[in-house]
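Structural description and commentary
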Amino acid sequence: MRKFYKQFKLLLLFTFITGVAAAQQFTVTGKVTDGSTGEALIGVNVVIKGTTTGVITDIEGNYSLDIDGSSAKLAYSFIGYFTEEGDVSSTTNTLDMVLMEDVTKLEEVVVTGLASSIKRSNLANSVASISSKELTGTTTQSTMDGALYGKFKGANITSNSGAPGGGISIKLRGITSINGSNEPLYIIDGVYLDNSTISAGLNIVSAASGGGSQSNQDNPSNRIADIDPEDIESIEVLKGASAAAMYGSRASGGVIIITTKKGKAGKTKISLAQSIGFVKILNPLGVRDFNEQRVKDTYSDDEVALFTAAKNAGTLRNYEDELYGHKGLLSTTRLTLSGGTDKSNFFFGVTRKNDEAIVKNTGYEKTSFRLNLGHQVTDWLEMDVSSSFINSSADRGFFNNDNSGTTMGISFVSTRPWTQLLPDADGNYPNNPNSASNFLQTRDLITNNESINRLIGGVSATATIFKDDKQNLKFIGRAGVDYYNLATTAIFPNSLQFQKDGNGTNGVSVQGTTVNRNTNYSAFLVHTIFPGSENLSLTTQLGLTAENFDNNGILGTATNLNGAQTNLDQSGSRDIAQSRLIQKDRGFFVQEEVNYNDKIIATLGLRGDKSTNNGDVNKLFYYPKASLAINLHEFDFWSMDNIDLLKFRIAYGQAGNFATFGSKYTPLGGIIINGIPGIRISSVQGNSDVEPERQEELEFGFDLGLLQNKIGIDFTYYIKTVTDQLLTRRVPSSSGFTSQVVNAADMKNKGVEIGLNLNLVNTDEIKWSSRTSFWTNKAEVTRLDIPSYTTGGFADFLGQFRIKEGHSPTEIIGVGANPDEDGLVVFGNAEADFQMSFHNSINYKNFEFSMLWHWKQGGENINLTTLLSDLNGTSFDFDKIDLDPEGNLGNGDYRLGELGSNSAPYIENAGYVRMREIGVYYNIPKSIFNDVMSLKVGFSGNNLINFFEYRSYDPEVSNFGGKGLSSGVEVTPFPSAKRFNFHVIANF
Amino acid sequence: MKNIYLKISFVLTLILGLGLSSCNLDEIPDPNNAGLDDIEKNATDGDIRTLISGTESLMRNDIGFYYDVSGIIGREYYFFTGSDPRYTGELLGKGESTLDKAGFYGTRPYAGRYRVIKNANILIAAVKNVTAFSDQEKNGIVGFAKTVQAYSYLLALNLQYQNGIRVDVSDPENLGAFLSHSEALAAISSLLDDGNSMLSSAGDDFAFTLSSGFSDPVAFAKFNRAIAARVALYQDNKAGALSALNNSFMDLNGDFNDGPIHFFSLAGGDAINQVFRTPDQSEALVAHPSFITDLRPNDSRISKVAVRSGAAELDDLSGDYDVAIYSSQESPIKLIRNEELILIYAEANIGTNNTEAITALNIIRNTHGLGDYAGGMTDAELTDEVLYNRRYSLFGEGHRWIDMRRHNRLDQLPIDRTGDDVWEQMPRPVSEVGVQGG
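Residues numbered from 1 in each chain as written. Chains lettered and ligands numbered in written order. Predicted model: local features only at pLDDT ≥ 70, side-chain atom pairs only at ≥ 80, totals over all residues. Heavy atoms only, no water.

Regarding the overall build of chain B
Under the convention used in this document: For helices the rule is a DSSP run of H or I covering at least 4 residues; for strands it is a run of E covering at least 2, with both sets numbered from the N terminus onward. We call two residues in contact when some of their heavy atoms are within 4.5 Å. Accessibility throughout is a Shrake-Rupley quantity obtained with a 1.4 Å probe, and a residue counts as covered only by protein chains that appear here.
In terms of helices and strands, chain B carries 14 helices and nine strands. Seen through its C-alpha atoms, chain B measures out along the principal axes to roughly 115 × 55 × 40 Å. A separation threshold of at least 6 residues defines the contact pool for chain B, and within that pool the share at least 24 residues apart is 73%. Total accessible area on chain B stands at roughly 16,200 Å², and carbon and sulfur atoms take up 48% of it.

Dropping the structure here:
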């Protein structure tokens, strides 16, 4: 802190002694217009080159600027447009300027320091940006996380299931943490967002992970799903430490920076949009084609009689259709108002969404409000406020693994088509003799709901403390809060097959309340100076940051319910669990950026962080960064006409990842025996020396622009090393503990990202733009201080991940012939060989057409849905013969025959090619409506076309949610859906 | 320039207001739990009592797996569940499958026992620093802790058998070596003796309450000796067994069911009996068919199973009877009971006093509807008779597998499917392999 003030004084001193010399002066005026529409551009920055002096254009696009001296060079810049320059002098003192829209995005501004930004063409990192058009322009998005699929390079985005309300894991540039979180840090308008997944306490019924209420197999959504994608102006993705170092100890998984929409000066714009659509199951598998012989072989003679009777009575049921065949309705209504004056601007948006899903009684409802305000308080002070309120409710059904035969998924795969589950005329459901539960009864009677009320607000103040024509000093202060109250409600009434007649616990009601409050504050000084010539600028920033996290979850579980009551009081037995998370982080950040005439741009920075989550709370962890970009095409010697851009860039940085909260404590938890309270040692041994994981990343590459930048090519190679990897070390269980979190491994990710952007056709009548992305990543464990171990699944013979030095951390092992020294065989890898996405948009007259394809090549899943179906004799491909190398056995018998001795049949290729999004729109011109409004109508869809050989509903699946390595293990999930939408959008 | 002071005060106000001026962080204690360090160094008498209840409670932790593993491998019963193939696969050695050193069935009951031992070690360490207790009270607490530890070691050893177990585990960073089966039995025996001598100098009352029964030093010492008798039997030390029985709660004329229990309750936060499964469901604890076929006429122990309305079938196995030794999730499980002690008494007398062995056996037989023993008098014939009665009297209580093993009779257990195996022991848990001494 003391250092900070010293620096501050120095800066102030410096600003005072820099004199201002005045001599000749003239005024230049002009108007700035859009090159394609001819409309005035409001808010264009007009700056005297080599100085900080400038103005912005007014509502008519006009500007007026006083200039010292007799001539000057002016630079005109505006977000989304190419920057232009022009010479003025006391004689030529009017200059109108036409700016062309930047389809290449080279001019777009990218955040590189905590308080500064840089235009993309000067950037030394490969930072992905997603505009609102890419995010929501093609189709209505169900959730914010779901909107990101296939839209940028270097990411592996996987949905955990098809359950409504989200639940997605995002891994940027491969796995960064074996045991901790791989999820990126989300920041919206400067506010640190909570992205927890909070279990609804279903384990008391599912028993998926032994006793108790809590487990990671409940398939909760992650809280980033709350953010309304329609509110977003742009998303920047800092994929690795070289770009994300300034976020320090939380940035190892990358950072996703979300900027919401702001109003623009001018007439108030009103937009009203309605979309209506439906969902259907993405990949129905069908049911096994039974005949008498097959029933006899799989089950018994008794079952043959039942089968024949049902066949004759016409009551053989297609239960897949019964359970997953619902065509749920989708509806999204959206109203936005935005506008402003030259001093103030506002943006207001409301979204009301009501989506059903493919299983009856499940769905997602959301209402969200956003109000963003900006105001120029004085000529030196600007204030911005961003606020949103979200209310959402997700009914997520009851799926995934269990040990009690109660989830709908497990019960469904256990049930034979001749078993009768439909309720009688009085609504009484028969018991399911094939399983502990009748899944139709479960579907109709249970509740598994997550409801949230969430308030996210941020405020920022930008004060220009000092300014002359050679330098300026700005202060930026920010504060943000993310507050929510999440209620989870899981009700299993005692009329259910698995809760009545001595089964289960005569009804279960689990009610959870989580209150979360994140606050973050920061203060920065940014000093920009042009020492000497116009060719050099130096930007210095320094700042302090503080983040506080407070999460308090209470889960009440009542069993033995009084009749149909669901109140926790109305029960014979109650249990309560509480978990609190309190963490405080403090940090500082300094950065120096040198820009030599846009030819050479170099940055050096350092972040220091400490946190109460570390073993030593006051130890500072330092994260440096450095980068260099060279724009060869800006140099005078450049003479290649058709190459408009050639930039070489290299960047290095470090970032961290905290241990899971509580890793440093060895706790004694509470327990009760016969009403007497007791304390017992945790099975997890604390580690009082625990430190953050440290990621070090070096990336380099080039950007190439050809034919007036109509063709853009970018190439990036990165090496990402994660040291002090936090592992859950298996400790000898004779110690009384079973695990401990230790810093015990290193890992290396190497990858390539290639992009090809084409904007070859751009006429008034037809525009075509195309973006092709390719990315691949290879990971390897380079150091492991503990014995190699398997994790992330259920058992080695069913397929697990293995952590072993010299091997990929995502390799999938099992048992089989010719085992290695661990007695295991490698059957695959959860990581894809490569991924590609292909986005095209075509505008022809009033038609807009866009399409996004996504190809994931390779990568394996552990498919235990098939295992459980096989064990119950219900697999859709049970009798098909395409697995047995000898061609004798049906797939079901073959797989079961290999069970225990060969894991291969249940480890399957999870690659796919799918059309993520498609949209077709027609713009009805304003003239039809007397210029009062314009109308846009269209059709869109998600995941309408899919190709994969994976033998289940969707290769994108995770029984264990998104944590660590565990994605890609499938146990009877909520199947994924296709979404079809019709749109009407009116703009006033 | 004139409003520079305004600007500076604006900035400073914001910096101070944002709370950025304080850079030092204070350690935040675990908001959710008591801390180990604190308990070991500064426990109160109240903390000690909660540690004791916690230790007693932990004894139930994953204990269901212990009974299921020995019941399934010992061919006493099957567990049919659609949720996990390992109960009818690996545990029965189906086809080519073998036991998994990382499988929950082996690792969880093992780790569960050592967690009890750890909690008791914390108790032993913490109680030293508590001034609120008298020396007698401390003896009672340590006597309790050591007895409970010995019992837990014994169950872990029963699973591990010839793999042996660690007994010196007080320092998690420096665990002792694995002891062989016989060394471990000797260590357990001497730990029981230690506990017994502490209990004998612990006065008349404990300074704590246990959930039900055996709540004073004298009664608890009788439990200690009962376990000592079991250990002596496993050591084939028949004299030792008889001497231990003498000081135990064995009562030849008493209720067979007397003995300390694991308490279970559906009350919130408490634990339930994990061996109980609702009868006549598709997910079921099914008695091995040999239970019925081998049962002698008139043996009333047929009441330990209940006929199903339809056969249970899974994985080419089937059975017509459910295990019915417990009636609900709240039924207690006995740690050791009088009937076992009488059977130990009978077995320990074989070879030295066969008449007394028959007397004890007749107590068991008569109670279960069988007349007096009329078979041969040789040691071997009497051993057969003891094993029959142990099989049915202690059905589902974790004995048959161990009994057949210690009498080298595992090959007499029935094989249901071609290729099935009868395992001799659990593999050493994966956490113990490849580490210090492992």
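A closer look at the sheet that holds strand β3 (residues 54–56) of chain A
Residue and element names in this part refer to chain A. The condition that has to hold: Pairs of strands are assigned from DSSP output, requiring at least two bridges between the strands. Fitted lines through C-alpha atoms serve as axes, helices being fitted only where they are in contact, and the angles separating the N-to-C directions of these axes extend from 0 to 180 degrees.
Spatially, β3-β2-β5-β6 is the arrangement adopted by the four strands of the open sheet, whose pairing is antiparallel. Every interior strand has two partners, whereas the edge strands, β3 and β6 (84–89), have only one. Each strand of the sheet is rotated relative to its neighbour by a mean of 20°, with strand direction disregarded.

Description of the interface of chain A and chain B
Under the convention used in this document: When two parts are put together, the accessible area they lose, computed with a 1.4 Å probe and summed over both, is reported as buried area. By definition, a salt bridge exists where a carboxyl oxygen of Asp or Glu is found within 4 Å of a side-chain nitrogen of Lys or Arg. By the criterion applied in these results, polar contacts are pairs of N or O atoms within 3.5 Å in which, for protein atoms, one can donate a hydrogen and the other can accept it, and in which residues neighboring in sequence qualify only through two side-chain atoms. Each residue is assigned to one class: nonpolar for Ala, Val, Leu, Ile, Met, Phe, Trp, Tyr, Cys and Pro, charged for Asp, Glu, Lys and Arg, and polar for all the others, Gly among them.
Taken together, the contact between chain A and chain B spans 92 residues of the former and 81 residues of the latter. Buried area between chain A and chain B, summed over both chains or domains, comes out near 7,200 Å², and the portion from carbon and sulfur atoms is 63%. Here chain A is connected to chain B by one salt bridge. For B:Glu27, the salt bridge is made with A:Lys664, and the minimal N-O distance between the two is 2.4 Å. The interface formed by chain A and chain B holds 22 residue pairs in polar contact (both at pLDDT 80 or more) in total. If one sorts the elements of the side of chain A that touches chain B by residue count, strand β26 (residues 571–596) of chain A sits on top with nine residues. Per-class residue counts for the side of chain A that touches chain B are 43 nonpolar, 36 polar and 13 charged. Here strand β30 (residues 667–673) of chain A pairs with strand β1 (residues 34–35) of chain B via two bridges, running antiparallel. Its bridge partner being in β1(B), A:Leu668 is matched across the sheet by B:Ala34.

Overview of the packing of helix α8 (residues 217–234) of chain B against helix α11 (residues 338–349) of chain B
All names here are of chain B. The line we're drawing: Note on terminology: angles under 35 degrees are roughly parallel, angles over 145 are roughly antiparallel, angles of 65 to 115 are roughly perpendicular, and the others are oblique. Put simply, a crossing is left-handed when the front helix is turned counterclockwise from the back one by less than a right angle, and right-handed when it is turned clockwise.
Contact geometry of α8 with α11 gives a least axis separation of 10 Å together with a crossing angle of 40°. Taken as axis vectors, α8 and α11 run oblique relative to one another. The element α8 and its partner α11 pack so that their crossing is left-handed. Residue-level inspection shows Ala226, Ala229, Arg230 and Leu233 of α8 in contact with α11, the latter providing Glu340, Leu341, Ile344 and Glu347. Residue composition of the contact of α8 with α11, by class: five nonpolar, no polar and three charged.

Here we look at helix α13 (residues 379–393) of chain B
Residues and elements named next belong to chain B. So the rule is basically this: One fewer than the residue count of a helix, multiplied by 1.5 Å, yields its expected span. Whether a residue is buried, partly exposed or exposed follows from its accessible area with a 1.4 Å probe, protein chains only, as a fraction of its type maximum: under 20%, in between, or over 50%, in that order.
Over its 15 residues, α13 extends 20 Å from the first C-alpha to the last, a length consistent with the 21 Å expected when each residue adds 1.5 Å. Summarising burial for α13: 11 of the 15 residues are buried, a large majority. Listed as buried for α13 are Leu382, Thr383, Glu385, Val386, Leu387, Tyr388, Asn389, Arg390, Arg391, Tyr392 and Ser393. In the core, the buried residues of α13 are packed alongside α8, α10 (289–293), α11, α12 (354–367) and α14 (400–406).

Re the nonpolar core
To keep things clear, this is the line we draw: The set of buried Ala, Val, Leu, Ile, Met, Phe, Trp, Tyr and Cys residues whose side-chain atoms join them within 4.5 Å is what this entry labels a nonpolar core.
Grouped together as the largest cluster of nonpolar side chains are 134 residues, with contacts concentrated most on B:Ile48, B:Leu51, B:Leu91, B:Tyr153, B:Ile165 and B:Phe220. Here this core takes 13 residues from helix α6 (residues 135–160) of chain B, the largest share from any one element. Residues in contact with B:Ile165, not counting those within four places in the same chain, are B:Tyr110, B:Tyr114, B:Tyr153, B:Ala156, B:Leu157, B:Gln160, B:Ala177, B:Phe178, B:Leu179 and B:Ala184. Formed by 66 residues, the second largest nonpolar core is a distinct cluster that contains A:Phe412, A:Tyr429, A:Ile803 and A:Phe960.

Points about the packing of aromatic side chains
Residues and elements named next belong to chain A. Convention followed: A pair of Phe, Tyr and Trp rings is counted when the ring centres sit within 6.5 Å of each other, with Trp represented by its six-membered ring. The angle between the planes then sorts it: under 30 degrees is stacked, over 60 is edge-to-face, the rest tilted.
Under the definition given, this model contains 43 aromatic pairs over all chains. Relative to Phe492, the ring of Phe398 lies with its centre 4.9 Å away and its plane at 65°, an arrangement referred to as edge-to-face. Taken together, the positions of Phe398 in the loop between β21 (381–395) and α8 (408–414) and Phe492 in strand β23 (residues 471–492) put the pair 94 residues apart, joining distant regions of the chain. Residue Phe398 is classed as buried on the basis of its relative accessible area of 1%.

Examining unusual backbone geometry
Residue and element names in this part refer to chain A. In the Ramachandran plot, Asn400 falls in the positive-phi region, its phi being about 75° despite a non-glycine side chain. Structurally, the position occupied by Asn400 is in the loop between β21 and α8. We classify Asn400 as buried; its relative accessible area is 1%. Phi is positive for Lys845, close to 45°, though the residue is something other than glycine. Positionally, Lys845 belongs in the loop between β41 (834–844) and β42 (847–857).

A short note on a nonpolar patch on the surface
Heads up, the condition is: Note on patches: the residues involved have over 30% relative accessible area and no salt bridge, like charges join within 9 Å, and the nonpolar side chains Val, Leu, Ile, Met, Phe, Trp and Tyr join within 5 Å.
There is a patch of nonpolar side chains on the surface, built from A:Phe369, A:Phe389, A:Leu455, A:Val481 and A:Tyr483 and spanning about 400 Å² of accessible area. Along the chain, A:Leu455 falls in strand β22 (residues 447–467).

Here's the deal with the side chain of A:Glu450
Residue and element names in this part refer to chain A. In this fold, Glu450 is placed in strand β22. Side chain to side chain, Glu450 and Ser221 meet in a polar contact 2.5 Å long. Among the polar contacts made by the side chain of Glu450, one reaches the side chain of Arg223 at a distance of 3.4 Å. Residues in contact with Glu450, not counting those within four places in the same chain, are Ile198, Pro220, Ser221, Arg223, Ser392, Ser393, Ala394, Arg396, Leu486, Ala487 and Thr488.

Here's the deal with the sheet that holds strand β39 (residues 811–814) of chain A
Residues and elements named next belong to chain A. Read across the open sheet, the four strands follow the order β37-β38-β39-β40; overall the sheet is antiparallel. Two strands in the sheet have a free side with no partner beyond their single neighbour: β37 (789–791) and β40 (825–829). Taken over all neighbouring pairs, the strand axes of this sheet differ in orientation by 45° on average, direction set aside. By the bridge criterion, three bridges tie β37 to strand β38 (residues 800–803) in an arrangement that is antiparallel.

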